[in-house]
Amino acid sequence: MGGQYVIGVDGGNSKTDYYLFDLDGGLVDHIRSGTCSHEQYPDSYESSYRVMNEQITLLLSRNGLSVQDAAAGAFGLAGADIPAQKKRLNEVVERIGFTRYALDNDSFLGIKAASQKGYGICSINGSGVCTGGISPSGRRLQVGGVGSELSGDEGGGYYLGRRVIRAIYDSFYRLGPETVMTAPVMELLGTRDKTLFMELALEAILARTLPYTELVTLLFESAESGDLVASGIVDHSARQLAYSTVGCMSHLDFGDEPVDIIMAGSVWVKAASPVMRDRYQQCVTELTGRDCRFVLLQEPPAAGAVLWALELAHGGALNTELRKKIIEAVR
């Protein structure tokens, strides 16, 4: 691939951004479409190929280009969690026509977007959680991303919302302590009758109408006010995410330099209360005993895909001016 353009793809579980840039960092075109994740389709990787091939072909063809005009591509994809999945997705990308490319979990895009150095750790805490790390030598490691039971992904809006439901159910029927969250959660579910509590909660979960954002907001507010049950949930999740961060860091060759820790995802970035962020940062600092620079991700993750592709095309790290130009264009 010896062309004059790069393609960056940020493929999430609900939407995908495809960006076309020239080698000087100029935005040429952009397409936003639905998910390309193999986990969201009955025919799995075949649909990933079909969807990505259609969109990338469209992105290039309407600018008079073909895949041979792309010097490199970078793909941050939800569902790229274990080696077998990444192998199949590599095959998809190569089938599209890419020979020079980077592909990994979308957690790595936050590092490329937010770290001036292009390496560090990214803790994603959104609807779900995942941790990715890139070392100064370019080694990559993902920790978690496959579920709370299997890999300690005990954070994210879905997990925290269900923990709130569990805590209230425990207080009703399992000798659990009372919590100030009970009355407002009952109001959210539309009942004052505790015998209907779990039925309504289950119905909302199955119908995908459980108000996770409101539950997490209430959880953090209650923890800040000193509610012991809420504080316990927040402390537990903050520590679990810290274990993933520090575990990832300890398996990569960062040396003695300070490490950039990028905090991405709606629970980290959008929550009004800092209570979980503060406890997570405290846990990481205690566990590492080293200097860390915590950064809330403000840059669009898709910029990380473009930056990564340009690093491949140019054969190394990008200067500050070029990074800024790309981030502003994607923003």
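Remember, predicted model here, so these are calculated numbers, not experimental data.

K.L.:
Mind showing me how you'd approach the domain arrangement of the protein chain here?
P.N.:
You'll often see interface size given as the accessible area lost when the parts meet. On domain assignment, one finds that the protein chain holds domain 1 (5-99 + 299-330) and domain 2 (114-298). Taking the mean C-alpha position of each, domain 1 and domain 2 sit 29 Å from one another. Counting residues at the interface gives 10 residues for domain 1, matched by 10 residues for domain 2. Carbon and sulfur atoms supply 44% of the area that domain 1 and domain 2 bury against each other, a total of about 830 Å² over both sides. The largest per-residue losses of area from domain 1 upon contact with domain 2 belong to D81, E299 and R323, which jointly make up 62% of the total buried on that side. Applying the counting rule to domain 1 against domain 2 returns 0 salt bridges.

K.L.:
Looking at this structure, how should I read the nonpolar core?
P.N.:
The biggest cluster of nonpolar side chains holds 81 residues, and the ones touching the most others in it are L160, M181, V185, L219, F220, Y280 and I326. Top element by residues in this core is helix α9 (residues 228-250). It accounts for 10 residues. In this structure, this core is formed jointly by two domains, domain 1 (5-99 + 299-330) and domain 2 (114-298), each of which donates at least three residues. When near neighbours in sequence (up to four residues on either side) are disregarded, L219 contacts L160, V164, M181, A230, I233 and V234. Residues L20, Y49, V51 and V67 belong to the second largest nonpolar core, which totals 26 residues.

K.L.:
Just checking my understanding: could you explain the side chain of T16 for this structure?
P.N.:
Along the chain, the position of T16 falls in strand β2 (residues 15-22). Looking at T16, the relative accessible area reads 0%, which means it is buried. Within polar-contact distance, the side chain of T16 engages the backbone oxygen of G34 at 2.9 Å. Apart from the residues within four sequence positions on either side, T16 is in contact with V9, D10, G11, I31, R32, S33, G34, T35 and C36.

K.L.:
Looking at this model, I keep getting lost on the UniProt feature "domain: ATPase BadF/BadG/BcrA/BcrD type" (unreviewed entry) in the protein chain. Mind explaining?
P.N.:
Under the present numbering, the feature "domain: ATPase BadF/BadG/BcrA/BcrD type" (unreviewed entry) in UniProt falls on residues 7-309. Regarding residues 7-309, the helix share stands at 47% and the strand share at 20%, and the terminal C-alpha atoms are separated by 7 Å.

K.L.:
For this particular structure, what's the right way to read the packing of aromatic side chains?
P.N.:
Two aromatic rings are characterised by how far apart their centres lie and by the angle between their planes. Counting across every chain of the model gives 8 aromatic pairs. For the pair F172 and F197, a centre-to-centre distance of 5.5 Å together with 90° between the ring planes defines the contact as edge-to-face. Taken together, the positions of F172 in helix α5 (residues 156-173) and F197 in helix α7 (residues 197-206) put the pair 25 residues apart, joining distant regions of the chain. Summarising the burial analysis for this pair, F172 and F197 share the class buried. Note on Y280 and F294: the rings are 6.3 Å apart at their centroids and 75° apart in plane angle, and the pair reads as edge-to-face. Here Y280 is found in helix α11 (residues 275-288), whereas its partner F294 is found in strand β10 (residues 292-296), with 14 residues between them in sequence. Grouping aromatic residues by their ring pairs yields a cluster made of Y169, F172, Y173 and F197. Directly above the aromatic system of Y49 lies the positively charged group of R95, at a separation of 3.7 Å from the ring centroid.

K.L.:
Just checking my understanding: could you explain the pattern of salt bridges for this structure?
P.N.:
Where charged atoms from two side chains of opposite charge approach closely, those side chains can pair. Following the criterion strictly, the structure yields 17 salt bridges and no others. Note that D29 and R62 form a salt bridge whose closest N and O atoms lie 2.7 Å from each other. With D29 in strand β3 (residues 27-34) and R62 in the loop between α1 (45-61) and β4 (70-77), the pair connects residues that are 33 residues apart, well separated along the chain. Between K117 and E257 there is a salt bridge, with the nearest N and O atoms lying 3.5 Å from each other. With K117 in the loop between α3 (107-114) and β6 (120-125) and E257 in the loop between α9 and β9 (259-264), this pair connects stretches of sequence that are 140 residues apart. Taken together, the shared-partner salt bridges in this structure form one network comprising K15, D17 and R32.

K.L.:
What exactly am I supposed to notice about the sheet that holds strand β8 (residues 140-143) here?
P.N.:
Adjacent strands of a sheet pair through backbone hydrogen bonds, lying either parallel or antiparallel. Read across the open sheet, the 5 strands follow the order β8-β7-β6-β9-β10; overall the sheet is mixed. Each having just a single partner strand, β8 and β10 make up the two edges of the open sheet. Neighbouring strand axes in the sheet, compared pairwise and without regard to direction, differ in orientation by 15° on average. As defined by bridge partners, β6 adjoins strand β7 (residues 129-134) across 6 bridges and the pair is classed as antiparallel. If you follow S123 over to β7, its bridge partner there is T131. The strands touched by α3 within the sheet are β6, β7, β8, β9 and β10, with β7 carrying the most contacts at an inclination of about 50°.

K.L.:
Help me understand the pairing of β2 in this model?
P.N.:
Looking along a regular strand, one sees side chains alternate from face to face of the sheet. Counted residue by residue, β2 has 6 buried out of 8 residues, so it is predominantly covered. Here 7 bridges tie strand β1 (residues 5-11) to β2, and the two strands are oriented antiparallel to one another. Opposite V9, over in β2, you have Y18 as the bridge partner. From the end of β1 to the start of β2, which pair antiparallel, there are 3 residues. Where β2 meets β3, 7 bridges bridge the pair, whose relative direction is antiparallel.

K.L.:
Please explain the side chain of D170 as it appears in this structure.
P.N.:
Looking at the element boundaries, D170 is found in helix α5. What makes D170 buried here is its relative accessible area of 15%. Beyond its immediate sequence surroundings of up to four residues, D170 is in contact with L175 and G176.

About the cut-offs
Residues numbered from 1 in each chain as written. Predicted model: local features only at pLDDT ≥ 70, side-chain atom pairs only at ≥ 80, totals over all residues. Heavy atoms only, no water. Domains from an automatic or database assignment. Contact = heavy atoms within 4.5 Å. Buried area = accessible area lost by both parts, 1.4 Å probe. Salt bridge = Lys/Arg side-chain N within 4 Å of Asp/Glu carboxyl O. Core = buried A, V, L, I, M, F, W, Y, C linked by side-chain atoms within 4.5 Å. Buried < 20%, exposed > 50% of the residue type's maximum accessible area, 1.4 Å probe, protein only. Helix = DSSP H or I, 4+ residues; strand = E, 2+ residues; numbered from the N terminus. Polar contact = N/O pair within 3.5 Å; in protein donor to acceptor, adjacent residues only side chain to side chain. UniProt positions renumbered as here; feature names shortened; annotations may be inferred. Phe/Tyr/Trp six-rings, centres within 6.5 Å; stacked < 30°, edge-to-face > 60°. Lys NZ or Arg CZ within 6 Å of the ring centre and 35° of its normal. Pairing = 2+ DSSP bridges. Axes fitted to C-alpha atoms, helices over the stretch in contact; angles between N-to-C directions.

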